[in-house]
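So you can see what is in the structure, the chains are spelled out below.
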Amino acid sequence: MLGDQKVLFSGMQATGNLTLGNYLGALKNWVNISDEYKTFFCVVDEHSITVRQDPAELRRRARALLMLYIAAGLDPEKNCIYYQSHVSGHAELAWILNCYTYMGELQRMTQFKDKAAKHADNINAGLFTYPVLMAADILLYQADVVPVGVDQKQHLELTRDIAERFNSIYGDVFTIPEIYLGKVGRKIMSLQDPSKKMSKSDENPNGSIYLMDDKDTIIRKFKRAVTDNEACVRYNDNQPGIKNLIDIYCACKGISTEDTEKEFDGKGYGDFKIAVGEAVAAELIPLQERFHELEQNKDYVDKIIKDNAEQASYFANKTLRKVQKKVGFPERIK
Ligand code: TYM
């Protein structure tokens, strides 16, 4: 809590091209619920270097991501939108929390196992302690809720465990955060293989819709989406491709799965796929237009970057000072 307001924290990595999964699983929910909270939306650039990055490219992507947050509808006057690397408290708290996290806990993280397998030539310590930095991100702002997609659930559970462990030693220092999963869109699957989640790092570009895809590309990718031979738009686990398309349609239109089944009752997959493509384009094209406007508005974006980092630092330092005192670091001389 900050004053009488509940706190919401979330973030995204500035790596790869953002997909419709990131948008429907996270960003769109952020916009929908942001009014109810004091919010912090972070571009987590420090997390990104657990995998090798081209420096110029990382800088470019980080700025693009920050602008996408705004383009998606988050007003930077009301929401604190900033870069992780501009607030040193994230790394400082992460160090402290490292000392309250067990190797065994980190070894169980599925994202670590997946990334270690993918980047076998660079299994660095940062990749291993990545979830501790994520815990620091969240706990630094005393977040009550963290809206994420289902793939981040394990990291959120670890964050809660670390916070509870710390509190059990030192008293009520951290708020225990709740995970917030949207009703629909919590796990968007690949259009080419509905058993795999839609991912920035998919080698097959037809499996993912990227937020900057133009309308023709979006429609084309949906036309090619893998479905089945049932010829029936029905929401069930035996038709994973169709289920995923229904999820996407519902998330974009803000309607239920039953409404979608009714709307396409007796219609073929061809019609349905085009309708899903149109619904996605109707979400993404205005977002792209706002993004291009922001690109033209350098001074405005720069000011947001500066002001919001100061605001975030202010709140982060409050928690950090408290934690430093609890663990026994000497007080600063004023
Ligand atoms: P990242 O950057 O991989 O993904 C950003 C957000 O998008 C969600 N997401 C999806 N949701 C539904 N379907 C999909 N196919 C899909 N793919 C991605 C993710 O669940 C996430 O919410 N570790 C985090 C970033 C992070 C963070 C944090 C998040 C760092 N610190 C603190 C919340 C709070 C990550 O790598 O997300």
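Keep in mind it's a predicted model, so treat the numbers as computed, not measured.

Details of the site of the ligand
Surrounding the ligand, one finds 26 residues, the nearest of these being Y130, D137, G149, D151 and I188. Backbone polar atom of G21 to a nitrogen atom of the ligand: 3.2 Å apart, as the coordinates give it. Between a nitrogen atom of the ligand and a main-chain N or O atom of I188, the distance comes to 2.8 Å. If the ligand stood free it would expose 710 Å²; the protein chains cover 97% of that surface. Its atoms largely coinciding with the cavity grid, the ligand occupies the largest pocket.

Remarks on the layout of surface pockets
Counted as a void, the largest pocket has a volume near 1,300 Å³. Lining the largest pocket are 47 residues, and of these Q13, Q111, D151, Q152 and K197 sit closest to its centre. For the lining of the largest pocket, the elements supplying multiple residues, two or more each, are β1 (7-12), α1 (20-33), α2 (45-48), α6 (110-118), α7 (125-140) and β4 (145-147). In terms of residue class, the lining of the largest pocket is built from 15 nonpolar, 21 polar and 11 charged. In terms of lining, the second largest pocket is formed by 18 residues, of which the most central are N17, R60, R61, A64 and L68. Within the residue set of the lining of the second largest pocket, elements represented by two or more residues are α3 (55-71) and α12 (269-295). The greatest single-element share of the lining of the second largest pocket, amounting to 7 residues, is contributed by α3. Counted by class, the lining of the second largest pocket contains 10 nonpolar, 4 polar and 4 charged residues.

Observations concerning the packing of aromatic side chains
Throughout the structure, instances matching the rule amount to 15 aromatic pairs. Their ring planes at 70° and their centres at 5.0 Å tell us that F112 and F128 sit as a pair that is edge-to-face. Of the two residues, F112 sits in helix α6 while F128 sits in helix α7, which places them 16 residues apart along the sequence. For the pair formed by F112 and F128, the shared burial category is buried. Measuring from centroid to centroid gives 4.6 Å for F166 and Y170, while their planes differ by 40°, and the two rings are tilted. Of this pair, F166 and Y170 both sit in helix α8 (residues 153-170), 4 residues apart, roughly one helical turn. In textbook terms, an aromatic cluster arises when at least three aromatic residues are bridged by ring pairs, as seen for F9, F40, Y82, Y141, Y314 and F315. Stacked on the ring of F40, the Lys or Arg K38 has its end atom at 5.4 Å from the ring centre.

What to know about the pattern of salt bridges
Under the criterion given, the structure shown has 16 salt bridges. Across the pair R60 and E57 runs a salt bridge whose closest N-O atoms are separated by 3.0 Å. One end of the pair, R60, and the other, E57, are both in helix α3, 3 residues apart, so they sit about a helical turn from each other. The partner of R61 in a salt bridge is E57, and the shortest N-O contact between them spans 3.1 Å. Of this pair, R61 and E57 are both found in helix α3, 4 residues apart, which corresponds to roughly one turn of the helix. Judged by relative accessible area, R61 falls into the partly exposed class, the value being 21%. The structure contains a network of salt bridges with shared partners spanning E57, R60 and R61.

The rules behind these values
Residues numbered from 1 in each chain as written. Predicted model: local features only at pLDDT ≥ 70, side-chain atom pairs only at ≥ 80, totals over all residues. Heavy atoms only, no water. Near = heavy atom within 4 Å. Polar contact = N/O pair within 3.5 Å; in protein donor to acceptor, adjacent residues only side chain to side chain. Areas by Shrake-Rupley, 256 points an atom, 1.4 Å probe, with all protein chains shown as cover. 1 Å grid on protein atoms, 1.4 Å probe; cavity = no way out; pocket = protein on both sides within 12 Å on 5 of 7 lines; lining within 4 Å. Sits in = over half its atoms within 2 Å of the grid points. Points joined across faces, edges and corners; volume = space filled by probe spheres on them. Helix = DSSP H or I, 4+ residues; strand = E, 2+ residues; numbered from the N terminus. Nonpolar A, V, L, I, M, F, W, Y, C, P; charged D, E, K, R; others polar. Phe/Tyr/Trp six-rings, centres within 6.5 Å; stacked < 30°, edge-to-face > 60°. Buried < 20%, exposed > 50% of the residue type's maximum accessible area, 1.4 Å probe, protein only. Lys NZ or Arg CZ within 6 Å of the ring centre and 35° of its normal. Salt bridge = Lys/Arg side-chain N within 4 Å of Asp/Glu carboxyl O.

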